[in-house]
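Chain and residue survey
Take a look at the letters that make up each chain.
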Amino acid sequence: MTSSSIRTVGVVGTGVIGGSWTGLFLAKGLHVLVSDPAPGAEEKLAAYLDSIWRTLEQLGLAGNASKDNYRFVGETLEAHYGELDFVQENAPERLGIKIQLIGEIDAGMRPDVIIASSSSGITSSHFIDNCQHPERVLIGHPFNPPHLMPLVEVVPNQKTSAENIKAELSFYKWLGKNPVLVKKEVPGFAANRLQAGLCSEAYSLVRNGVLSAEDVVMAKISGGGGGKYGFQHLMRHLGPAMEGWLEDMRAHSYDFGEDSLAVCEGSVQEMLGHVDPEEVGKQRDELLVKLLSLKVGASALV
Ligand SMILES: NC(=O)c1ccc[n+]([C@@H]2O[C@H](COP(=O)([O-])OP(=O)(O)OC[C@H]3O[C@@H](n4cnc5c(N)ncnc54)[C@H](O)[C@@H]3O)[C@@H](O)[C@H]2O)c1
């Protein structure tokens, strides 16, 4: 299966992630069939697509893109499996649901159609036991919201074929994403592990009275430049000292207990208590659109 042969996409589950994927697929000119068993899901999706379409227009639509090029087919895609060239599954992050759904989809779908799950932590090895064609099952883990955030982690299981991994990476690239291949199924995949490392230390610094939450943010966004001599030079220079820091960090790592949570929450409230999260989310999306537009045409590592 190649990106150019993908015309009709199935989206299973139209919550936060499935709705956003649907918008992106439509913006790229694909035809989308969607399903979700929740009452009111169809209306909710229509309203959501209305709300993000202006943003997708700003980012640039494919010539044949239309907000209406989708069909809400009900609780399941079952009657439409034969029409689909690719499936993105976005049901709740519960193992039982994933096992049942992926098994059903696999049983009904042409064997050459890739089934990608948006799962943010359950690896696909956990839900391929019922599959006749596990070689076409993998994780395509997006970041919220997928129509804006460039990163997608492609996480195969041991049975996913090399051909399908390649096809999936190339499909996500074609969608304008920055896919990365997570070569081993590790808990949390990769990007959230990086995030967990950083967050754990940030929480620990606040918990232990070293920085306020506000200054954690300032330290993160205003520092962290790089030198011109490269990685090896940096590590020879700072590595020995860093070993000591890491030892101290491990000794004072964040404990996730109620007391620690309360200290961090207090500091976060001082910084954000007066802020409307809805408004911040809106501003973030507007900034992301500007940033993504600036990055178009820029060189490596964007
Ligand atoms: N929210 C995030 O930030 C985020 C980020 C990346 C990945 N994910 C992953 O994406 C997936 C979906 O998460 P979400 O945040 O959109 O959840 P959500 O709760 O917003 O949406 C899940 C949707 O699935 C529907 N659903 C329930 N049972 C179903 C079934 N049997 N078949 C089809 N649809 C069903 C629900 O009605 C709901 O609309 C999860 O695996 C999650 O881990 C979430």
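Since this is a predicted model, take the numbers as computed values, not measurements.

1. Some thoughts on the environment of Val 87
Counting through the fold element by element, Val 87 comes out in strand E4 (residues 86–89). We classify Val 87 as buried; its relative accessible area is 0%. Residues Val 87 and Val 137 lie 50 residues apart in sequence; the distance between their C-alpha atoms is 9.8 Å. Not counting residues within four places of it along the chain, the set of residues in contact with Val 87 comprises Gly 10, Val 12, Ile 105, Met 109, Val 113, Ile 114, Ile 115 and Ala 116.

2. Observations concerning the site of the ligand
Around the ligand there are 20 residues in total, and Ile 17, Asp 36, Glu 93, Lys 98 and Ser 120 lie nearest to it. Take Val 16: an N or O atom from its main chain is 3.0 Å from an oxygen atom of the ligand. Between an oxygen atom of the ligand and a main-chain N or O atom of Ala 91, the distance comes to 3.3 Å. If the ligand stood free it would expose 830 Å²; the protein chains cover 73% of that surface. Elements represented by at least two residues in the shell around the ligand include exactly helix H1 (16–27), helix H3 (95–108) and strand E6 (137–142).

3. Focus on the packing of aromatic side chains
Summed over all chains, the structure comprises eleven aromatic pairs. One aromatic cluster is present, formed by Trp 21, Phe 25, Phe 86, Phe 171, Tyr 172 and Trp 174 through successive ring pairs.

4. Details of the UniProt feature "domain: 3-hydroxyacyl-CoA dehydrogenase NAD binding" (unreviewed entry) in the chain
Within the UniProt annotation, "domain: 3-hydroxyacyl-CoA dehydrogenase NAD binding" (unreviewed entry) is assigned to residues 8–184. Between the end C-alpha atoms of residues 8–184 there is a gap of 30 Å, over a span that is 33% helix and 21% strand.

5. A few points about the side chain of Ser 124
Here Ser 124 lies in the loop between strand E5 (114–117) and E6. Every residue in contact with Ser 124, bar those within four places of it in the chain, is listed here: Val 137, Leu 138, Ile 139, Val 155, Pro 156, Asn 157 and Glu 185.

6. Looking at the pattern of salt bridges
A complete count under the given rule lists eight salt bridges for this structure. Asp 50 is the salt-bridge partner of Lys 67, the closest N and O atoms lying 2.6 Å from each other. Remark: Asp 50 occurs in helix H2 (residues 41–59) and Lys 67 occurs in the loop between H2 and strand E3 (70–72); sequence separation between them is 17 residues. Residue Asp 50 is classed as partly exposed on the basis of its relative accessible area, which comes to 48%. Here Arg 110 makes a salt bridge to Asp 112, at a shortest N to O gap of 3.1 Å.

7. Topic: a nonpolar patch on the surface
A contiguous nonpolar patch, built from Val 217, Met 218 and Ile 221 and spanning about 290 Å² of accessible area, is present on the exposed surface. Topologically, Ile 221 is positioned in helix H6 (residues 213–222).

Quick notes on the rules
- Residues numbered from 1 in each chain as written.
- Predicted model: local features only at pLDDT ≥ 70, side-chain atom pairs only at ≥ 80, totals over all residues.
- Heavy atoms only, no water.
- Helix = DSSP H or I, 4+ residues; strand = E, 2+ residues; numbered from the N terminus.
- Buried < 20%, exposed > 50% of the residue type's maximum accessible area, 1.4 Å probe, protein only.
- Contact = heavy atoms within 4.5 Å.
- Near = heavy atom within 4 Å.
- Polar contact = N/O pair within 3.5 Å; in protein donor to acceptor, adjacent residues only side chain to side chain.
- Areas by Shrake-Rupley, 256 points an atom, 1.4 Å probe, with all protein chains shown as cover.
- Phe/Tyr/Trp six-rings, centres within 6.5 Å; stacked < 30°, edge-to-face > 60°.
- UniProt positions renumbered as here; feature names shortened; annotations may be inferred.
- Salt bridge = Lys/Arg side-chain N within 4 Å of Asp/Glu carboxyl O.
- Patch = residues over 30% accessible without salt bridge, like charges linked within 9 Å, V, L, I, M, F, W, Y side chains within 5 Å.

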